[in-house]
Amino acid sequence: MKKTASFIFSPEQLNYEFSDTHPFNQKRIMLTMDLLNEIHSIDPDEIVVPRTATDEELLLAHDEKYIEIVKKASTGVISESIGSIYGIGTEDTPFFTGMHDASALLVGGTLSAIEEVMEGRSRYALNLGGGLHHGFQGKASGFCIYNDSSVAIKYLQQKYGARVLYVDTDAHHGDGVQWTFYDDPDVCTFSIHETGRYLFPGTGNVTERGNGKGYGTSFNFPVDAFTEDESFLHIYRNALREVAEYFKPDVILTQNGADAHYLDPLTHLYSTMKIYEEIPKLAKEIAEEFCDGRWIAIGGGGYDIWRVVPRAWSHLWLTMKSIPTPTGRLPEAWLKKWQPESPVSLIETWQDPPNLYEPVPRKKDIEEKNEQMLSRALHVIRKG
Amino acid sequence: MLVQDIMKSDVITLNSTHTIADAVQLMKQKKIRHIPIIENERLIGLVTDRDVKEASPSSISETLEPSLYETTLDKIMKTDLLIGHPRDFVEEAALLFYTYEIGCLPIVSNYQLVGILTKTDLLYNYIELTGANQPSSHIQIRVPNRAGILYEVSKVFNKHNTNVLSVLVHPYLDDEDSKVLAVRIKRMNPLSIIADLKAEGFDVLWPSEPEMGL
């Protein structure tokens, strides 16, 4: 019988770990799963153990030489100066033992998610271990070694001949995925993010629209620093609907970085839990309307792993399972279990407390700028 | 940096015996706005989209005059041209664009047209100089306007083994005692660097809180 949703998970996904102090911390997956288990929303037969991506699959989106270097770095036989040519061994993306295997497993998880959906075993699939959108063809960047989305989209094209809409709501621009498919008219990349004026990686301007035959299949929606829920959701809803109507995808892959939240230490957006309740709902609606439901969701950034990510990511699964958005207090057992380990006071309710932050003085300006950005970004569609 | 490093060497040209219709079509097809006119590989004139528009019959005119499109380019081309040399500095070329309000500069060497430089090329060069085309974070620091400051700031980047992609130094409002350093670093997580810059007493303007304005 076809499942509603598959939850890709194995404890080995937590092996993707740079150091104790690095902001990218896969413990978030554990915290999310535990929260979902406390409300009894995952059935044991919904859990799918991820496979590892083969070298051949990694080669769909990465250079042979680069894979070789990552393998060598896994056993510590690469110098920092060689590593830095390939973006590894840096403060952002340090070496760690077993880094090749750990990275290939995250890619494999996204491939497993795709197989669940494309082979009809499940309507939707979620791989919180994926979403490493900064990985380049021959280079690691911004905490990302292999780019699971790039490999997965190539895999979707080759094995299933699908037209793919990639939707990236991480606060950072999805540069690695965008550049991989910049010339490809059959893959549409969509990224809403904090403007690259100051934030890493700096790209993701509305003018980046694709190249050659792929012109008009890259969409970027850079929102201003300090953008709040209302404006973020307004841009997301209008943009995603118009782009989906224009591109007509066969399948949707969403990257769900949870770092646009006010509390996230690395970015400067001012959203609350509200956007994480809403983002998956529209993704599902669009997948139902255009793709006969085919929707694969993956993780991404998210650096407040205690107060933000577990709640935010839970909504992906709850939306897939059509479980109404919970309100009120989080399960007591979860709070009791994790508060002692958390360096900050946990937020104890599903929704954020009111007055999370001081009112933003330039709110009107920011909304107006975002609105102008939206019409510039969609100009290519609207004029036609 | 020299003009030859950023100019386009594959120049699209016409002869003076081509017609306005030819120029209109070529501009549309190649998405360009400037066409150098050459004779035996020597530059003899320049036709811009504005020259073409001024000479073309109005699209709303009641009587169509198709013959105007058949006018040859020698009748409308500009011959009093500013030119540049491939070994000119980019800054010198930029000054010509600014001073004479021109949109393109044909590049000539040994009497032959060897390239073309447009405002767009200059702008892209600026983007590259600011490092905004590579994955990086941007930090703005207000520093005292005195010798040795850049050294002090770079010590922090060095300590964190961080590759600096670009540094721009520009004035801070009207305050002559301060300068702003706009630095692009190859880092996704700049938090430890920012903490150290602050610990060294530097005023980090960005990243900042919204109350402080941008």
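Here we summarise the structure given alongside this text. From a predicted model like this one, the values you see are computed outputs, not experimental measurements.

Conventions adopted
Residues numbered from 1 in each chain as written. Chains lettered and ligands numbered in written order. Predicted model: local features only at pLDDT ≥ 70, side-chain atom pairs only at ≥ 80, totals over all residues. Helix = DSSP H or I, 4+ residues; strand = E, 2+ residues; numbered from the N terminus. Rg over C-alpha atoms; globule rule 2.2 N^0.38 Å. Buried ≥ 20, exposed ≤ 12 C-beta atoms within 10 Å, placed from the backbone. Contact = placed C-beta atoms within 7 Å. Pairing = 2+ DSSP bridges. Nonpolar A, V, L, I, M, F, W, Y, C, P; charged D, E, K, R; others polar.

## Description of the overall build of chain B
Check the secondary structure of chain B and you find seven helices and eight strands. Since a compact globule built from 214 residues should have a radius of gyration of about 17 Å, the 24 Å found for chain B marks it as more spread out than a globular shape. Oriented by its inertia axes, the alpha-carbon framework of chain B measures out at about 75 × 45 × 30 Å. Looking at the 214 residues of chain B, the share that counts as buried comes to 23%. Sequence separation of 24 or more characterises 64% of the internal contacts of chain B that already satisfy a separation of 6 or more.

## Notes on the environment of L14 of chain A
All names here are of chain A. Within the secondary structure, L14 is located in the loop between β1 (3-8) and α1 (27-38). With 15 C-beta atoms counted inside 10 Å, the residue L14 sits in the partly exposed group. Considered as a pair, L14 and M1 are 13 residues apart in the sequence and their alpha carbons are 30 Å apart. Sequence-distant contacts of L14, that is, excluding residues within four places in its chain, are made with Q26, K27, I29 and M30.

## Examining the pairing of β1 of chain A
Residues and elements named next belong to chain A. Bridge count between β1 and strand β3 (residues 122-127): four bridges; the pairing is parallel. By the bridge assignment for β3, K3 is matched with S122. In this sheet, strand β2 (residues 47-48) lies alongside β1 in parallel orientation, the contact comprising two bridges. Residue pairing in the sheet places I8 in a bridge with V48 of β2.

## Looking at the interface of chain A and chain B
Often, the extent of an interface is quoted as the loss of accessible area upon association of its parts. Facing the 21 residues of chain A at the interface are 16 residues of chain B. Partitioned by chemical class, the residues of the side of chain A that touches chain B number 11 nonpolar, five polar and five charged.

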